[in-house]
Amino acid sequence: MELTIDNIRKTFGEKVALDVNHYVVHSGEIVGLVGNNGAGKTTLFRVVLDLIKPDSGIARIGGVPTAHSEEWKEHTGAYVDTGFLIDYLTPEEYFDFIAKVSNIRKDVLHERLQQFEHFMNGEVMGRNTLIRNLSAGNKQKVGIIGAMLHYPQLLLLDEPFNFLDPSSQHAMKYLLESYNRETGATIIVSSHNLAHTLDICTRVTLLEHGKIIKDHDKDYANLIDEIQEYFIHNS
Amino acid sequence: MDFQRARLLYKLVSKNQRISTRRHPLMSQNKAMKIFIFLFLAFWAVYLIFFGVMFAFALQETNYEPFDWINGGMVYFLLVDFGTRFILQETPAQEIKPYKLHPIPQNFLLNVFLMRMALRGENLFWFFFHVPFALFAIVKFYGFIGFFGYLLGWWLMYVLNGYWYLIWRTKMQRNILYLLIPASVYFLLIYFGFFFDEQNKWLFKGSMILGRAFCDMNVLAYLFPIACSVVLFFVNRKMQRKCVYDEIAEVERVTKVKSREMHWLNRFGVIGEYMKLEIKSAMRNKVVRAQFMIGVIYMLLFCFVFAFTNIYDNQPFMKTFICVYCFACLCTMTLTSVMCAEGNYIDLLMSRKESVLSLLKAKYYFNILMIVFPMLFMLMPIMEGKIQLIEALSCAFFATGCIFPFLFQLAVYNKTTINLNQKVIRSSGRNTKTQIIFSLAALLLPVVLMYILVLCFNDLVAAWLMLGLGIIGTLASPLWLRNIYHRFMLRRYINMEGFRDTRS
């Protein structure tokens, strides 16, 4: 599933949060969005997911403008923050809800949830706890699993490594890599964790003040050096 | 979307809404609150049933039939219904966020939420009054068909009122002053419909005719609220669609107080700095701001009714109650959760010597300054000759010298952090048993005390005695504030653990 962004600009007051002329993420890529705080990573996600209105421009998923139609939601999974969880449900009820909304049969849901067992580490399901009463890390896990449950062809995860313990971060990396390998899905991940991003991504995009200032494939020779140098100079 | 899928989605969203109500923090986390709400509702249910039966018989010996009186006063019922909806009804834009990333069309969701709004139990709450009333006043004239016709008509009016409320509730998310528009509409309707031309009370007569048409099961009569509801449904849908983006982005307007505007507080040193913090907190945080605004609205309403109507004339208990209530309600609303806002940054406060003591002092002085508001509002009944200046002053000092120290005790026991940017409705779910008891006591005990003093002596002596008690308490504030600080420090580990556990 291809994501295209054309001439998108979003300002908050006088501050330009996002200003991207043309940006394409091709099917099957794992793209890492990196940048310092305020670089525009989350704004980019929110514009793509039709969560905020851009001042101008258009974002398309599979050729469908996200602001004009909602068809793209059938093939897109996203986790932005805990505010998008139905927090008065238990994780089981939440997954069940997603399954029904996405026409997933009960046995298929059960099977798919088993694939996430290692990631959940026995801390999410079977505890009879509402999502709002889970720890930040476990809420994050519920959100990520919820985004992947219907096998989306485009997966967007905003800061997925936040709040996760090192073991879960490792499991998360494995999960994303295998998901991309098995389904050929496009994955876009924003993160402050440079090591994880460079480990799993096939392409890295660097944002600064809402603009894309570097965009390279992983096989680009100086990728790691250039990115690291950028962060050292801007520290 | 095909019918099967629409039906499935409707069922799923409706089920979630039912679960949401059942697991609302107000109900699920707090047993004391659950019992309190149940008792509160039961009390009002019994009260309304009693009034329903009483009105059915008491209004028989008048110029009109009892149901004409009730139908004629429809606008009053709708006004009270409008006010009660603030307690629980949320806007669809607030509820839509968790569904936004799922493959459910946004318009479909808005339709479901708005349609379900018509089917909510709140629209039937006043039936505790209407059902017994109709049984005794309508059945004998119109039979059971008229009985059901009457109830159906009133239900449609409450649904219409619900959609009307929703428009202004949504607007108030941006600016609470939008409340003035529906308030003015009700006021103008009541004034021009009842009092402007006392010979020809057009609103009374119009509502009376509409009510009779309900009892006659006149289809045209039902078409009026249905047509208005449909119009308001679409107005709401359009508004909510715009608001969804704001809700997701959590866009809000905050009034920033510039530092130089608070220069005068610099002369008070550390306490002045904490007072600046209090002012900024009141201006910038939804919970604190809403508590303040609701308190001011209550005070204004009470003072206005007291000064310019004769409802409470010759009722010494109500006079005492309103006078004390005006001075106690704002501080009760804010001080019941004293230290709960600071729970968000309690570790910072604890890392500096005696900063909690300075904070408590700042809070006390800030609340004393806030007494200016009820004092100003009280000028209305004072100028109208309903109460004496000394009575208002005695209540003001009694608040600062007796009610404040009483409520400040909660600084020792409160250990639940409130989410400052949460809607006030949700935040109230965190109230503990102790807070509920303290707030009830703060509102009721002074009234009882003053009433006893009035009975034992007279109005004037009672006022002087309360003034004396208040001045002593106010002058002793450094002592009791330090005592509270010491007790807070003794409990600091328990409190800090509680604050950390309840941060969101």
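Since we're looking at a predicted model, the values are computed, not measured.

1. Here's the deal with the overall build of chain B
Here is step 1 of the chain: Scanning chain B for helices and strands turns up 25 helices and zero strands.
Here is step 2 of the chain: Its C-alpha atoms give chain B a radius of gyration of 25 Å, within 12% of the compact-globule value 23 Å for 504 residues.
Here is step 3 of the chain: In terms of principal-axis extent, the alpha carbons of chain B reach across some 70 × 65 × 40 Å.
Here is step 4 of the chain: The burial tally for chain B puts 36% of its 504 residues in the buried class.
Here is step 5 of the chain: Contacts in chain B between residues far apart in sequence, at least 24 positions, make up 81% of those at least 6 positions apart.

2. Description of the overall build of chain A
Here is step 1 of the chain: When you go through chain A residue by residue, the secondary structure sums to eight helices and 10 strands.
Here is step 2 of the chain: Over its C-alpha trace chain A gives a radius of gyration of 18 Å, about what one expects of a compact globule, namely 18 Å for 235 residues.
Here is step 3 of the chain: If you line up chain A on its principal axes, its C-alpha atoms span 45 × 40 × 35 Å.
Here is step 4 of the chain: Each of the 235 residues in chain A was classed as buried or not, and the buried ones make up 42%.
Here is step 5 of the chain: The long-range share in chain A, meaning contacts at least 24 apart out of those at least 6 apart in sequence, stands at 68%.

3. So, the packing of helix 5 (residues 74-84) of chain B against helix 10 (residues 180-195) of chain B
All names here are of chain B.
Here is step 1 of the chain: In contact at an axis separation of 11 Å, helix 5 and helix 10 are set at 165 degrees when each is read in the N-to-C sense. Relative to helix 10, the element helix 5 is oriented roughly antiparallel. The two elements helix 5 and helix 10 cross, and the hand of that crossing is left-handed. Counted together, Val75, Leu79 and Phe82 of helix 5 and Pro182, Tyr186, Leu189, Ile190 and Gly193 of helix 10 form the full contact between these two elements.
Here is step 2 of the chain: Considering only residue class, the contact of helix 5 with helix 10 consists of seven nonpolar, one polar and no charged.

4. Side note on the environment of Thr129 of chain A
All names here are of chain A.
Here is step 1 of the chain: Structurally, Thr129 is set in the loop between helix 4 (117-120) and helix 5 (136-148).
Here is step 2 of the chain: Under the C-beta neighbour-count criterion, Thr129 is labelled partly exposed, with 15 such atoms within 10 Å.
Here is step 3 of the chain: Setting aside chain neighbours within four positions, we find Thr129 in contact with Thr90 and Leu134.

5. Regarding the interface of chain B and chain A
Here is step 1 of the chain: If you look at the interface, chain B gives 19 residues, while chain A gives 20 residues.
Here is step 2 of the chain: Ranked by the residues each element gives to the side of chain B that touches chain A, the list is headed by helix 1 (residues 3-22) of chain B, at six residues.

6. A short note on the confidence of the model for chain B
Detailed reading of the predicted coordinates is not advisable wherever pLDDT is low.
Residues and elements named next belong to chain B.
Here is step 1 of the chain: Put simply, chain B has an average pLDDT of 83, and 92% of its residues get 70 or more.
Here is step 2 of the chain: The model gives residues 424-429 a pLDDT under 50, and that stretch makes 18 contacts with residues more than four places away or in other chains.
Here is step 3 of the chain: Overall fold confidence for the complex sits at a pTM of 0.71, while the interface term, ipTM, reaches 0.75.

7. Notes on the sheet that holds strand 10 (residues 211-217) of chain A
Residues and elements named next belong to chain A.
Here is step 1 of the chain: Strand order in this open sheet of six strands is 6-7-8-3-9-10, and the pairing throughout is mixed. Looking at strand neighbours, the two that pair on one side only are strand 6 (76-79) and strand 10, the edges of this open sheet. Averaged over all neighbouring strand pairs, the angle between strand axes comes to 15 degrees, with direction disregarded.
Here is step 2 of the chain: Contacts from helix 1 (residues 41-48) reach strand 3 (30-34), strand 7 (154-158), strand 8 (186-190) and strand 9 (203-208) within the one sheet, and its direction differs from that of strand 7 by about 145 degrees.

8. Considerations on the environment of Asp96 of chain A
Here is step 1 of the chain: By secondary structure assignment, the location of Asp96 of chain A is in helix 2 (residues 91-101).
Here is step 2 of the chain: With 13 residues separating them along the chain, Asp96 of chain A and Leu109 of chain A place their C-alpha atoms 7.7 Å apart.

9. Thoughts on the environment of Ser20 of chain B
All names here are of chain B.
Here is step 1 of the chain: Secondary-structure assignment places Ser20 in helix 1.
Here is step 2 of the chain: Assessed through the 16 C-beta atoms surrounding it within 10 Å, Ser20 is described here as partly exposed.
Here is step 3 of the chain: With 164 residues separating them along the chain, Ser20 and Ser184 place their C-alpha atoms 34 Å apart.

10. A word on the domain arrangement of chain A
Note on interface size: it is often stated as the accessible area lost on association of the parts.
Here is step 1 of the chain: Looking at chain A, the domain boundaries give domain 1 (1-75 + 152-235) and domain 2 (81-151).
Here is step 2 of the chain: Top element by residues in the side of domain 1 of chain A that touches domain 2 of chain A is helix 6 (residues 166-183) of chain A. It accounts for six residues.

11. Brief notes about the pairing of strand 10 of chain A
All names here are of chain A.
Here is step 1 of the chain: Bridging between strand 9 and strand 10 involves six bridges; their strand directions are antiparallel. In the strand pairing of strand 10, Arg203 is matched with Asp217.
Here is step 2 of the chain: Counting the residues between successive antiparallel strands, the hairpin from strand 9 to strand 10 contains two residues, one of them, His209, with a positive phi of roughly 45 degrees.

12. What about the pairing of strand 3 of chain A?
Residues and elements named next belong to chain A.
Here is step 1 of the chain: Across the five residues that make up strand 3, a large majority, five, are buried.
Here is step 2 of the chain: Residue alternation in strand 3 divides its side chains into two sets, Ile30, Gly32 and Val34 and Val31 and Leu33, and both sets are buried.
Here is step 3 of the chain: Where strand 3 lies against strand 8, four bridges are found, and the strand directions are parallel. Note that in strand 8 the partner of Leu33 across the bridge is Ser190.

13. Some details on the domain arrangement of chain B
Here is step 1 of the chain: Domain annotation of chain B identifies domain 1 (65-126 + 138-249) and domain 2 (259-501).
Here is step 2 of the chain: Placing a centre on the C-alpha atoms of domain 1 of chain B and another on those of domain 2 of chain B gives a separation of 35 Å.

14. Here we look at the packing of helix 15 (residues 316-335) of chain B against helix 19 (residues 389-408) of chain B
All names here are of chain B.
Here is step 1 of the chain: For the pair helix 15 and helix 19, interaxial distance at closest approach is 9 Å and the crossing angle is 25 degrees. Taken together, the axes of helix 15 and helix 19 are roughly parallel relative to one another. The handedness of the crossing between helix 15 and helix 19 comes out as right-handed. Between helix 15 and helix 19, the residues in contact are Cys323, Val324, Phe327, Ala328, Cys331, Thr332 and Leu335 and Glu391, Ala392, Cys395, Ala396, Ala399, Ile403, Phe404, Leu407 and Phe408, respectively.

15. A short note on the nonpolar core
Here is step 1 of the chain: Core analysis: the biggest nonpolar cluster contains 108 residues, and Val48, Tyr94, Leu155 and Leu156 of chain A together with Leu109 and Ile138 of chain B have the highest contact counts within it.
Here is step 2 of the chain: Core analysis: the next-biggest nonpolar cluster, separate from the first, contains 59 residues, Cys323, Cys331, Cys402 and Leu481 of chain B among them.

16. Describing the sheet that holds strand 5 (residues 64-65) of chain A
All names here are of chain A.
Here is step 1 of the chain: The sheet built from four strands is open, its strands ordered 2-1-4-5 with antiparallel pairing. Both edges of this open sheet fall to strand 2 (15-25) and strand 5, since each of them pairs with a single strand only.
Here is step 2 of the chain: Relative to strand 2, strand 1 (residues 3-12) runs antiparallel, the two sharing nine bridges. Looking at strand 2, one finds that Ile5 is bridged to Tyr23.

17. Describing unusual backbone geometry
All names here are of chain A.
Here is step 1 of the chain: Despite not being glycine, Asp50 has its phi angle at roughly 60 degrees, a positive value.
Here is step 2 of the chain: Summarising the element assignment, Asp50 is placed in the loop between helix 1 and strand 4 (56-61).
Here is step 3 of the chain: A positive phi angle, close to 50 degrees, is found at Tyr151, a residue other than glycine.
Here is step 4 of the chain: Residue classification places Tyr151 among the partly exposed positions, given that 16 C-beta atoms sit within 10 Å.

Thresholds, definitions, all that
- Residues numbered from 1 in each chain as written.
- Chains lettered and ligands numbered in written order.
- Predicted model: local features only at pLDDT ≥ 70, side-chain atom pairs only at ≥ 80, totals over all residues.
- Helix = DSSP H or I, 4+ residues; strand = E, 2+ residues; numbered from the N terminus.
- Rg over C-alpha atoms; globule rule 2.2 N^0.38 Å.
- Buried ≥ 20, exposed ≤ 12 C-beta atoms within 10 Å, placed from the backbone.
- Contact = placed C-beta atoms within 7 Å.
- Axes fitted to C-alpha atoms, helices over the stretch in contact; angles between N-to-C directions.
- Parallel < 35°, antiparallel > 145°, perpendicular 65-115°, else oblique.
- Left-handed = near helix turned anticlockwise from the far one by under 90°.
- Nonpolar A, V, L, I, M, F, W, Y, C, P; charged D, E, K, R; others polar.
- pLDDT = per-residue confidence, 0-100.
- Pairing = 2+ DSSP bridges.
- Domains from an automatic or database assignment.
- Core = buried A, V, L, I, M, F, W, Y, C linked by C-beta atoms within 7 Å.

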